[in-house]
Amino acid sequence: MAPLRISSWNIGLRGLERICGADEVNAAPDVHGITRRSGFGSIQSLLAALDADIVCLQELKLKELGGPEMALTCPEGWDSFVSLCRVQTPATSYGRYAGVATFCRTSCRPRLAEEGITGVLGGGGGGDGGGGGSSSFDGLDDAARREIDSEGRAVLTIHGGLAILNVYVPAVTSDDAAQAERRAAFKLSFLRALESRARSLLASGLQVLIIGDLNIAPAPIDSARQMARPL
């Protein structure tokens, strides 16, 4: 298999529609106080700028794949594999929340693609030989697996002997203690399921790349928000 150029980008609050719109978008300053031009004009221009064979995007913030959204996810010369939020509540802007997509040049079309990480949403091979499917989650019933995959946070694609898990791991951001506890439990469930799927894929003989926004900072130096310390 020829070497692959793989790019990952959390496009954040702007979302795919806005960042690929006709007008230039100036984002709010990030945690470093930097304001960046973020308008590309089209999905083709965005993908060209990233100059990769496979592009993994997180935080699409698309509510559905209707006509306008289809134009964003079907650029000429590319295949796309998308997972969107299924939770229709005010907290998710009635579905316009999270979302991930993996864009692959047609020359790098995967032999298998699947939405989510637990296999419950379908689209994959169903077994460890194909994509490390449902046999990886014998301890979880369908309801628990659907909850893990309910927010559009993962897409699996398999290219030859390489499995790519494009993920947007949940964050815990609420100031409400009870809500923060619930989200922390959901995040832990998601991460355990991700580990289980990755191990299953490895056991089937595949190489595994977990890529995306992991929302994990093992040490203060790994966070952009770390406190300044004297030398």
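Refer to the structure printed above.
Being a predicted model, the structure only gives us computed values, none of them experimental.

Parameters at a glance
- Residues numbered from 1 in each chain as written.
- Predicted model: local features only at pLDDT ≥ 70, side-chain atom pairs only at ≥ 80, totals over all residues.
- Heavy atoms only, no water.
- Helix = DSSP H or I, 4+ residues; strand = E, 2+ residues; numbered from the N terminus.
- Contact = heavy atoms within 4.5 Å.
- Areas by Shrake-Rupley, 256 points an atom, 1.4 Å probe, with all protein chains shown as cover.
- Expected span 1.5 Å × (residues − 1).
- Buried < 20%, exposed > 50% of the residue type's maximum accessible area, 1.4 Å probe, protein only.
- Polar contact = N/O pair within 3.5 Å; in protein donor to acceptor, adjacent residues only side chain to side chain.
- Core = buried A, V, L, I, M, F, W, Y, C linked by side-chain atoms within 4.5 Å.
- Pairing = 2+ DSSP bridges.
- Axes fitted to C-alpha atoms, helices over the stretch in contact; angles between N-to-C directions.
- Arc of directions from axis to C-beta.

For this particular structure, what's the right way to read the overall build of the protein chain?
Helices and strands together make up the secondary structure of the protein chain, namely 5 helices and 8 strands. Going from the N terminus to the C terminus, the protein chain shows its helices and strands as β-α-α-β-α-β-β-β-α-β-β-α-β. The contacts of the protein chain with a sequence gap of at least 6 include a subset with a gap of at least 24, amounting to 69%. When the accessible surface of the protein chain is split by element, carbon and sulfur atoms take 52% of a total near 11,900 Å².

In this structure, what is going on with helix α5 (residues 177–203)? I would like to understand it.
Because each turn of an α-helix spans 3.6 residues, side chains separated by three or four positions in sequence point in the same direction. Taking 1.5 Å per residue as the helical rise, α5 with its 27 residues ought to reach 39 Å, and the 39 Å between its terminal C-alpha atoms agrees with that figure. Restricting attention to buried positions, one finds in α5 the residues Ala180, Arg183, Phe186, Lys187, Phe190, Ala193, Leu194, Arg197, Ala198, Ser200 and Leu201. Capping the start of α5, aspartate 176 holds a side-chain oxygen 3.2 Å from the backbone nitrogen of alanine 178, two or three residues further along. Positive phi appears at glycine 205, one or two residues downstream of α5, with a value of about 100°.

Help me understand the nonpolar core, please; the structure alone is not making it clear to me.
As a rule of thumb, soluble globular proteins bury nonpolar side chains together. Of all hydrophobic cores here, the largest spans 18 residues; its most connected members are Leu16, Leu57, Leu60 and Phe103. Elements with a minimum of two residues in this core: α1 (15–19), α2 (43–50), β2 (54–58), β3 (78–83) and β4 (100–105). At 3 residues, the largest contribution of residues to this core is made by α2. Those residues in contact with leucine 57 that lie beyond four places of it in its chain are Trp9, Ile11, Leu16, Leu46, Gly99, Val100, Ala101, Phe103 and Asn166. Of all hydrophobic cores here, the second largest spans 17 residues; its members include Ile117, Ala154, Ala163 and Val169.

When you look at the sheet that holds strand β7 (residues 162–168) in this model, what are you seeing that I'm missing?
Strand pairing in a sheet is mediated by backbone hydrogen bonds. Such pairs are either parallel or antiparallel. Here we have 4 strands laid out as an open sheet, ordered β5-β6-β7-β8, and mixed in their pairing. In this open sheet, the two edge strands, each paired with only one partner strand, are β5 (112–115) and β8 (207–213). Here the strands of the sheet are splayed against their neighbours by 15° on average, with no regard to which way each runs. Bridge count for β5 against strand β6 (residues 154–159) is 4 bridges, and the pairing is antiparallel. When the sheet's bridge partners are listed, alanine 113 is paired in β6 with threonine 157. Each of β5, β6, β7 and β8 touches α5; the most contacted strand, β7, lies at about 175° to it.

Got a minute to help me understand α2 in this structure?
Of the residues making up α2, those classed as buried are Ile43, Leu46 and Leu47. One face of α2 carries all of its buried residues, which in axial projection span an arc of 95°. Seen from the open side of α2, the exposed residues pointing more than 90 degrees away from its buried face are Ala48 and Ala49. Looking at the buried residues of α2, the elements they touch are β1 (6–10), α1, β2, α3 (67–73), β3 and β4. Aspartate 51 occupies a position one or two residues after α2 and carries a positive phi of about 50°.

Nothing here speaks to function; it is all geometry.
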